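Examining the three-dimensional arrangement
Read off the chains here:
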Amino acid sequence: MATTAGEARDGLSQPSGIQLPGIVLGVGMGGFVDGILLHQLLQWHHMLTSTDQDHIGVKYYSPHTVTGLEMNTVWDGIFHTVCWLSVLLGLAFLYARVTHHRLRVWTSPVLWGWMLVGWGLFNVVEGVLDHHILGIHHVHAGDDQVWWDIGFLSLGALLVAVGFLLQRGGRPFDPGAHSGHHEGRRT
């Protein structure tokens with residue numbers, strides 16, 4: 001049964017939107033970009049590469065020794081597992097909410113906007129927590145590490161802003177609608 005725009009504004013019978021699936025997918029994808037690009041390809045850091053300077057007393061595992069690299073690789077694997085689970089969860093949320101017009105969802109700036117928001121939130125939360133509060137690693141350790149860490153946070157904030165603007169520019173989407181007519185709120 002379709003809702004009227006008035007019912008949607010009043011909070012009655014609002015469809016489950018694609019905001020949550022988009023954000024959860026973005027968190028996972030942002031984590032994969034971080035892990036694959038910064039941990040594996042550029043090898044700037046691993047999960048525990050700055051624990052010799054951390055704020056919580058985690059044992060240091062030098063990435064320049066076999067034993068240290070093995071332990072960092074295990075923690076990178078745990079990190080990638082969390083990213084993978086986030087992507088699976090986001091896809092499950094999206095699949096459960098979108099019953100018709102799936103192609104239209106994947107081409108929607110609303111979904112991609114929310115995914116950018118999720119990626120940006122990943123950068124901000126991971127950057128504040130791991131780089132600044134815990135200090136277990138930095139984007140690129142060394143004399144200028146604070147600037148790399150600030151740049152990572154700035155990129156995160158930019159992704160949130162661009163993603164939010166992108167999704168706001170998209171057409172409202174009711175993931176359960178049977179017809180081409182869109183009703184309800186933008187989610």
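Structural data are supplied above this passage.
Here is what the cut-offs are and how they apply
- Residues numbered from 1 in each chain as written.
- Predicted model: local features only at pLDDT ≥ 70, side-chain atom pairs only at ≥ 80, totals over all residues.
- Heavy atoms only, no water.
- Helix = DSSP H or I, 4+ residues; strand = E, 2+ residues; numbered from the N terminus.
- Buried < 20%, exposed > 50% of the residue type's maximum accessible area, 1.4 Å probe, protein only.
- Contact = heavy atoms within 4.5 Å.
- Areas by Shrake-Rupley, 256 points an atom, 1.4 Å probe, with all protein chains shown as cover.
- 1 Å grid on protein atoms, 1.4 Å probe; cavity = no way out; pocket = protein on both sides within 12 Å on 5 of 7 lines; lining within 4 Å.
- Points joined across faces, edges and corners; volume = space filled by probe spheres on them.
- Nonpolar A, V, L, I, M, F, W, Y, C, P; charged D, E, K, R; others polar.
- Patch = residues over 30% accessible without salt bridge, like charges linked within 9 Å, V, L, I, M, F, W, Y side chains within 5 Å.
- Salt bridge = Lys/Arg side-chain N within 4 Å of Asp/Glu carboxyl O.
- Lys, Arg positive; Asp, Glu negative; His and termini not counted.

Attention shifts here to the overall build of the protein chain. Broken down by element type, the protein chain carries 6 helices and 0 strands. Going residue by residue from the N terminus, the α and β elements of the protein chain occur as α-α-α-α-α-α. The burial tally for the protein chain puts 41% of its 187 residues in the buried class. A separation threshold of at least 6 residues defines the contact pool for the protein chain, and within that pool the share at least 24 residues apart is 72%. Of the roughly 10200 Å² that the protein chain leaves accessible, carbon and sulfur atoms contribute 67%.

It is worth spelling out the layout of surface pockets at this point. For the largest pocket, the calculated volume is near 260 Å³. If you list the elements that add at least two residues to the lining of the largest pocket, you get helix 2 (19-41), helix 3 (66-97) and helix 5 (109-133). Residue composition of the lining of the largest pocket, grouped by class: 11 nonpolar, 2 polar and 2 charged. Looking at the lining of the second largest pocket residue by residue, the class counts come to 5 nonpolar, 10 polar and 1 charged.

The grouping of Trp84, Leu85, Leu88, Leu91, Trp106, Trp112 and Leu166 at the surface amounts to a nonpolar patch, some 660 Å² of accessible area in total. Within the secondary structure, leucine 166 is located in helix 6 (residues 145-168).

Positionally, aspartate 130 belongs in helix 5. Buried and without a salt bridge, aspartate 130 has lysine 59 as its closest oppositely charged side chain, separated by 20 Å.

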